[in-house]
Amino acid sequence: MLIAHKFDMEKFETLHTQAVPLNIENIDTDQIIPARFLKATDRKGFGDNLFRDWRYNAEEQPIEDFVLNNPKFSGKILVAGNNFGCGSSREHAAWALTDYGFKVVVSSFFADIFKGNALNNGLLPIQVSPEVLQQIFDILAQDADASFVVNLQTQKLFVEGHGLEVDFEINTYKKTCLLNGYDDIDYLVSQKEKISQFETNTNA
């Protein structure tokens, strides 16, 4: 049985960054992190093998036309095609993305299990309409240095200088956890006084 060590999640601050476009649909978790790299129980190091079979050829040389190997693109946002994170339920996919340095993934649809794993590991999945997703890809095709802003508190995504502003949805509980850097245990601890007060009132 895989036992993951507890890690300290960072608070999700308002994010100002560039974005990396990966305009491929139906990216599954085996493409995000191939199964042969799942033996480790520590989250660190998984980023080295993110999209391993797309980043490197059989001789372990970088594949030049893959976007993560393109020095033109960088940033903490991955913009991906529709149906991102499908396939197996491995939590390692979220580990690999966060360990590589991504804080946000934007797509027009996320597999439910991946979405949950992402939120549990400090990675914000932002679902937008297919039209908005295409608009973002078009912006990045014209301006690789486009500046993105993600404001979790107001639940807004901006692309500065390109007239794009979009609202996104997130579960209220998961929003609270991300803003405070809580995992589920941390959240319960934060509610200790309220829980104690409830128990006192119930037993009175």
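Residues numbered from 1 in each chain as written. Predicted model: local features only at pLDDT ≥ 70, side-chain atom pairs only at ≥ 80, totals over all residues. Heavy atoms only, no water.

1. Let's talk about the sheet that holds strand S1 (residues 15-17)
- Ordered in space as S1-S6-S7-S8, the four strands form an open sheet in which the pairing is antiparallel. Unpaired on one side and paired on the other, S1 and strand S8 (164-167) mark the two borders of the sheet. The average angle at which neighbouring strand axes cross in this sheet is 10°, direction not considered.
- Sheet topology places strand S6 (residues 148-151) next to strand S7 (residues 156-159); four bridges connect them, and they run antiparallel. Looking at S7, one finds that valine 149 is bridged to phenylalanine 158.
- Those strands touched by helix H5 (residues 130-142) are S6, S7 and S8, and its axis lies near 145° from that of S8. (Pairing = 2+ DSSP bridges. Helix = DSSP H or I, 4+ residues; strand = E, 2+ residues; numbered from the N terminus. Axes fitted to C-alpha atoms, helices over the stretch in contact; angles between N-to-C directions. Contact = heavy atoms within 4.5 Å.)

2. With respect to the packing of helix H3 (residues 92-100) against helix H4 (residues 112-120)
- Running from N to C, H3 and H4 point in directions that differ by 50°, and their axes come no closer than 8 Å. It follows from the interaxial angle that H3 and H4 lie oblique. In the crossing of H3 with H4, the sense of the turn from one axis to the other is right-handed. Contacts from Ala93, Ala94 and Leu97 of H3 reach H4 at Phe114, Asn117 and Ala118.
- Taken together, the residues that form the contact of H3 with H4 break down as five nonpolar, one polar and no charged. (Parallel < 35°, antiparallel > 145°, perpendicular 65-115°, else oblique. Left-handed = near helix turned anticlockwise from the far one by under 90°. Nonpolar A, V, L, I, M, F, W, Y, C, P; charged D, E, K, R; others polar.)

3. Some remarks on the pattern of salt bridges
- Scanning the entire structure with this criterion turns up six salt bridges.
- Arginine 52 is the partner of glutamate 60 in a salt bridge, and the nearest nitrogen-oxygen pair spans 2.2 Å.
- Given a relative accessible area of 45%, glutamate 60 falls into the partly exposed group.
- For arginine 52, a relative accessible area of 16% puts it in the buried group. (Salt bridge = Lys/Arg side-chain N within 4 Å of Asp/Glu carboxyl O. Buried < 20%, exposed > 50% of the residue type's maximum accessible area, 1.4 Å probe, protein only.)

4. Some details on the packing of aromatic side chains
- If you walk through the whole model with that rule in mind, you get eight aromatic pairs.
- Here the aromatic rings of tyrosine 100 and phenylalanine 102 are separated by 5.3 Å at their centres, their planes lie at 25°, and the arrangement is stacked.
- Judged by centre distance (6.2 Å) and plane angle (15°), the rings of phenylalanine 110 and phenylalanine 114 are stacked.
- Taking relative accessible area as the criterion, phenylalanine 110 reaches 1% and is therefore assigned buried.
- Residue phenylalanine 114 is classed as buried on the basis of its relative accessible area, which comes to 3%.
- An aromatic cluster is defined as three or more aromatic residues linked by ring pairs; in this entry it consists of Phe51, Trp54 and Phe66.
- Cation over ring: arginine 52 sits above tyrosine 56, and NZ or CZ is 4.3 Å from the ring centre. (Phe/Tyr/Trp six-rings, centres within 6.5 Å; stacked < 30°, edge-to-face > 60°. Lys NZ or Arg CZ within 6 Å of the ring centre and 35° of its normal.)

5. Considerations on the confidence of the model for the protein
- Of the residues in the protein, 85% have a pLDDT of 70 or more, and the chain-wide mean is 89.
- Residue range residues 1-5 is modelled with pLDDT below 50. Its contacts to residues more than four positions away, or to other chains, number 11 contacts. (pLDDT = per-residue confidence, 0-100.)

6. Some points on the environment of aspartate 112
- As for its position among the elements, aspartate 112 is in helix H4.
- For the pair formed by aspartate 112 and glycine 85, sequence separation is 27 residues and the distance between their alpha carbons is 8.4 Å.

7. Here we look at the sheet that holds strand S2 (residues 19-22)
- In spatial order, the strands read S2-S3-S4-S5; together these four strands make up an open sheet with parallel pairing. Two strands close off the open sheet at either side, each with one partner strand: S2 and strand S5 (124-127). This sheet shows a mean twist of 20° between the axes of neighbouring strands, independent of strand direction.

8. What to know about H5
- The end-to-end C-alpha distance of H5, which contains 13 residues, comes to 19 Å, matching closely the 18 Å that a straight helix rising 1.5 Å per residue would cover.
- Buried within H5 are the following residues: Val132, Leu133, Ile136, Phe137, Ile139 and Leu140. All buried residues of H5 fall inside an arc of 160° around its axis, so they share one side. Opposite the packed face of H5, turned more than 90 degrees from it, sit the exposed residues Pro130, Glu131, Ala141 and Gln142.
- Looking at the packing, one finds that the buried side of H5 touches S2, strand S3 (77-80), strand S4 (104-107), S6, S7 and S8. (Expected span 1.5 Å × (residues − 1). Arc of directions from axis to C-beta.)

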